[in-house]
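# Survey of secondary and tertiary structure
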Amino acid sequence: MKKPIVGITTNTLTMAEGVNPNIERSYVNYDYVEALTLAGAVPILLPVIADQKTIEAQCALLDGLVLTGGPDVNPLLYGEEPSDKLECIYPERDEFELYLIKKAVKKLIPILGICRGMQLINVAFGGSLYQDVSHYSKTELQHRQQAKQHVPSHTIDIIPTSKLYQLLDSKQVITNSLHHQAVKKIAPGFIASASARDGLIEGIEKKGKDFIVGVQWHPEKMIKSQTGMQRFFNHFVDVLK
Ligand code: MN
C-alpha cells in the first residue's frame, strides 16, 4: 500500500552567525519528521510562499496536513490590537497557512494542528485567542513549563466522544505545555475536545465528519518518553489510509 504523504508547515530562520550568516532558511523541528516517519507516512516540508497557485499545487500533493508550532498568530486576524504580552509574529506565514487550510478543507484533506497550528485553525474558522495565558483570569497553572520540553507537565481531560479520544485511547493524559497563548472564543462549528484542570482549552476539533483536529501540547516532543504519543501519530496516519 502506498504510504500517505503528509505536508508539514515550516518556519523561516535567519542565523546571524555560522557558515552562511544572514541567509533565510526554511526549517522544521526534526521531531515532527521522526514521528510521522515512524507512523508510516512520507513527510514533506512545505515552505512559506506567497503565490496562491503554488500553494494550491503544494496542497495537491498531500494526503494529510500537519500545522506545526511557531510564532504567535497576528491578533489583527481575530479583530484585536496587539497586547504588550504579544511575542514575535510572522504575518506571511499566517497568510500562507490560512490559504493552505482553506484549500485543504475544500479537498477534505485531514488536518492536525499542533500548538500554534491549533490556534491558527481556531482563528481560520472565526475563533479568537488569549494573546497571553495571563489574560485568562482563572489560571495559576504553569502552561509554559520550565522543565525540559519532553517532560509531562499538566493533566488534560479528554471528551470520550471526540476524535482526539480516538487518537489517544484515553480520557486523561499528562502532557507537556509549551504555550503562552491559548484559545479564547472557540470557532463556530468546533468543540473543545480537551481541557486542562484550570479550564483552559487544550484540544479543539471540527464537529461532523471532516477531520480537523488541534492539540495545544507538543506530542512530537514526547514520542520517546511516552508510547501513547507515538500511537497518537500512528492513529492520525491511519486516518489518511
Ligand atoms: Mn497547557
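Heads up: the structure comes first, above all this text.
The structure reproduced in this document is the subject of the present report. (Residues numbered from 1 in each chain as written. Predicted model: local features only at pLDDT ≥ 70, side-chain atom pairs only at ≥ 80, totals over all residues. Heavy atoms only, no water.)

### Side note on unusual backbone geometry
The phi angle at Asn 22 is positive, at roughly 65°, despite the residue not being glycine. Within the fold, Asn 22 resides in the loop between strand 2 (11-14) and strand 3 (24-27). Even without being glycine, Asp 169 reaches a positive phi, approximately 55°. Structurally, Asp 169 can be placed in the loop between helix 5 (163-168) and strand 9 (172-175). Taking relative accessible area as the criterion, Asp 169 reaches 46% and is therefore assigned partly exposed. (Helix = DSSP H or I, 4+ residues; strand = E, 2+ residues; numbered from the N terminus. Buried < 20%, exposed > 50% of the residue type's maximum accessible area, 1.4 Å probe, protein only.)

### Examining the side chain of Thr 10
Position of Thr 10 among the secondary structure elements: in the loop between strand 1 (5-9) and strand 2. Of note is the side chain of Thr 10, whose polar atom sits 2.9 Å from the backbone oxygen of Leu 46. Apart from the residues within four sequence positions on either side, Thr 10 is in contact with Ser 26, Tyr 27, Val 28, Leu 45, Leu 46, Pro 47, Val 48 and Arg 93. (Polar contact = N/O pair within 3.5 Å; in protein donor to acceptor, adjacent residues only side chain to side chain. Contact = heavy atoms within 4.5 Å.)

### A word on the layout of surface pockets
Rolled over the atoms, a probe as big as a water molecule pinpoints where empty space is left. Considered as a void within the structure, the largest pocket measures approximately 500 Å³ in volume. Around the largest pocket, the lining is made up of 27 residues, and of these Gly 69, Gly 70, Pro 71, Cys 115 and His 218 lie nearest the centre. Residue classes in the lining of the largest pocket are distributed as 7 nonpolar, 13 polar and 7 charged. (1 Å grid on protein atoms, 1.4 Å probe; cavity = no way out; pocket = protein on both sides within 12 Å on 5 of 7 lines; lining within 4 Å. Points joined across faces, edges and corners; volume = space filled by probe spheres on them. Nonpolar A, V, L, I, M, F, W, Y, C, P; charged D, E, K, R; others polar.)

### Quick look at the pairing of strand 13 (residues 212-215)
Here strand 13 shows two buried faces, one formed by Ile 212 and Gly 214 and the other by Val 213 and Val 215. Bridge count for strand 6 (residues 111-114) against strand 13 is 4 bridges, and the pairing is parallel. When the bridges of strand 13 are listed, Gly 113 appears paired with Gly 214. With 3 bridges connecting them, strand 12 (residues 201-206) and strand 13 associate as antiparallel partners. The partner of Gly 203 across the bridge, within strand 13, is Val 215. Joining the antiparallel neighbours strand 12 and strand 13 is a turn of 5 residues, in which Gly 208 adopts a positive phi near 90°. (Pairing = 2+ DSSP bridges.)

Any functional reading would require information that these geometric values do not contain.
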